[in-house]
Amino acid sequence: NVLLSAMIAAVGTVMSLLTIPLWLSVLPWVSGSAGEIHPIPAGRIVAQLLTFMALPIAAGFALRRSRPDLVQRHSSRLRAISALLVVFVLGAAAWTIKDDLDEIAIESAQAATLFIAPAMLSGAAIGLQWLPRDRTVLVIESGVRNVAVALILGKALLDDRAFDTHASFLTVYFVIEIVMMMTFARLAADRWAKIPSDL
């Protein structure tokens, strides 16, 4: 359910513009700045997020509506291209911060796992009464943290050295997230095959 996934992601993204500054103010030890943070350029952040999120989704919908035969014929190739783009972005990010990455890789992987797993369980609990396919979307979206938001905010709020560490953490986090989500999605897809289509 791509529309449901996009809606959940969009709501979470918009809410993060309020919740991240709130937590940095309430928990000053997180920001390391005695509760004081720089002004957040919300307009620029929203514009960037719309560019990286809304435009690709709109392009996908337009292509699927105008040329469904083309999408159907090349769906596996399009998925492969998407996967390669993700691998390229992760590889490029890891390469640019490779010095910092070595220092925090294990700790970041542990933190990511300890956060993502309970988030997915929370999504499963909230969606108990949902249809199976929609519940799967909620579980995945509950576990997915918006790396784009965190990177944009990090660049706006942190100095270069702090941002390198922040980006290193997010790179490891994203790798763990992809492994967990792809595993869950594969298991869910196998289960869907055994569920009647009207459920």
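Scroll up for the structure.
None of the values given here were measured: they were computed from a predicted structure.

Trainee: Can you help me understand the overall build of the protein in this one?
Mentor: Assigned secondary structure in the protein consists of nine helices and zero strands. Helices and strands in the protein line up, N terminus first, as α-α-α-α-α-α-α-α-α. Split into buried and exposed, the 199 residues of the protein put 25% on the buried side. Within the protein, contacts between residues at least 6 apart in sequence are counted, and of these 72% link residues at least 24 apart.

Trainee: Honestly, a nonpolar patch on the surface in this entry has me stumped. Any pointers?
Mentor: A surface patch of nonpolar side chains, about 410 Å² in accessible area, is lined by Val2, Leu3, Met7 and Phe61. Top element by residues in the nonpolar patch is helix α1 (residues 2-26). It accounts for three residues. Examined against the element boundaries, Met7 turns out to sit in helix α1. For Met7, a relative accessible area of 49% gives the class partly exposed.

Trainee: What exactly am I supposed to notice about the environment of Ala124 here?
Mentor: With respect to the secondary-structure elements, Ala124 resides in helix α6 (residues 98-126). If sequence neighbours within four positions are ignored, Ala124 has contacts with Arg135 and Val139.

Trainee: Explain helix α7 (residues 132-143) to me, please; I cannot follow it from the model alone.
Mentor: Owing to its 3.6 residues per turn, the α-helix brings residues three or four apart onto one side. The end-to-end C-alpha separation of α7 is 17 Å, in line with the 16 Å expected for 12 residues at 1.5 Å each. α7 sits mainly inside the fold: 10 of its 12 residues count as buried. Of all the residues in α7, the buried ones are Pro132, Asp134, Arg135, Thr136, Val137, Leu138, Val139, Glu141, Ser142 and Gly143.

Trainee: Would you take a moment to explain the side chain of Asp134 for this structure?
Mentor: By secondary structure assignment, the location of Asp134 is in helix α7. Here Asp134 occupies a buried position and makes no salt bridge, while the nearest side chain of opposite charge, Arg133, is found at 7.8 Å. When neighbours within four sequence positions are excluded, Asp134 is seen to be in contact with Asn1 and Leu4.

Trainee: Teacher, can you tell me more about the pattern of salt bridges here?
Mentor: A side chain with one charge can pair with a side chain of the opposite charge if their charged atoms come near. Counted according to the given criterion, the structure contains three salt bridges. Between Asp69 and Arg67 there is a salt bridge; the shortest N-O distance is 3.5 Å. Arg186 is the salt-bridge partner of Asp190, the closest N and O atoms lying 3.1 Å from each other. Placement of the pair is Asp190 and Arg186 together in helix α9 (residues 160-192), with a separation of four residues, close to one helical turn. Each of Arg67, Asp69 and Arg73 takes part in a single network of salt bridges with overlapping partners.

Trainee: Sorry if this is basic, but what is going on with the environment of Val86 here?
Mentor: As for its position among the elements, Val86 is in helix α5 (residues 75-96). For the pair Val86 and Val175, spaced 89 residues apart in the sequence, the C-alpha separation amounts to 9.9 Å. Residues in contact with Val86, not counting those within four places in the same chain, are Phe174 and Ile178.

Trainee: Looking at this model, I keep getting lost on the nonpolar core. Mind explaining?
Mentor: Most often, soluble globular proteins have nonpolar side chains that are buried together. Counting residues in each nonpolar core, the largest one holds eight residues, listed as Ala112, Ile116, Met120, Val139, Val172, Tyr173, Ile176 and Met181. Only α6 and α9 provide two or more residues apiece to this core.

Trainee: When you look at the environment of Ala117 in this model, what are you seeing that I'm missing?
Mentor: Of note, Ala117 is situated in helix α6. Residue Ala117 is classed as partly exposed on the basis of its relative accessible area of 28%. Once the C-alpha coordinates of Ala117 and Ser142 are considered, the two residues, 25 residues apart in sequence, prove to be 9.6 Å apart.

Parameters and conventions
- Residues numbered from 1 in each chain as written.
- Predicted model: local features only at pLDDT ≥ 70, side-chain atom pairs only at ≥ 80, totals over all residues.
- Heavy atoms only, no water.
- Helix = DSSP H or I, 4+ residues; strand = E, 2+ residues; numbered from the N terminus.
- Buried < 20%, exposed > 50% of the residue type's maximum accessible area, 1.4 Å probe, protein only.
- Contact = heavy atoms within 4.5 Å.
- Patch = residues over 30% accessible without salt bridge, like charges linked within 9 Å, V, L, I, M, F, W, Y side chains within 5 Å.
- Areas by Shrake-Rupley, 256 points an atom, 1.4 Å probe, with all protein chains shown as cover.
- Salt bridge = Lys/Arg side-chain N within 4 Å of Asp/Glu carboxyl O.
- Expected span 1.5 Å × (residues − 1).
- Lys, Arg positive; Asp, Glu negative; His and termini not counted.
- Core = buried A, V, L, I, M, F, W, Y, C linked by side-chain atoms within 4.5 Å.

No statement about biological role is implied by the geometric values presented.
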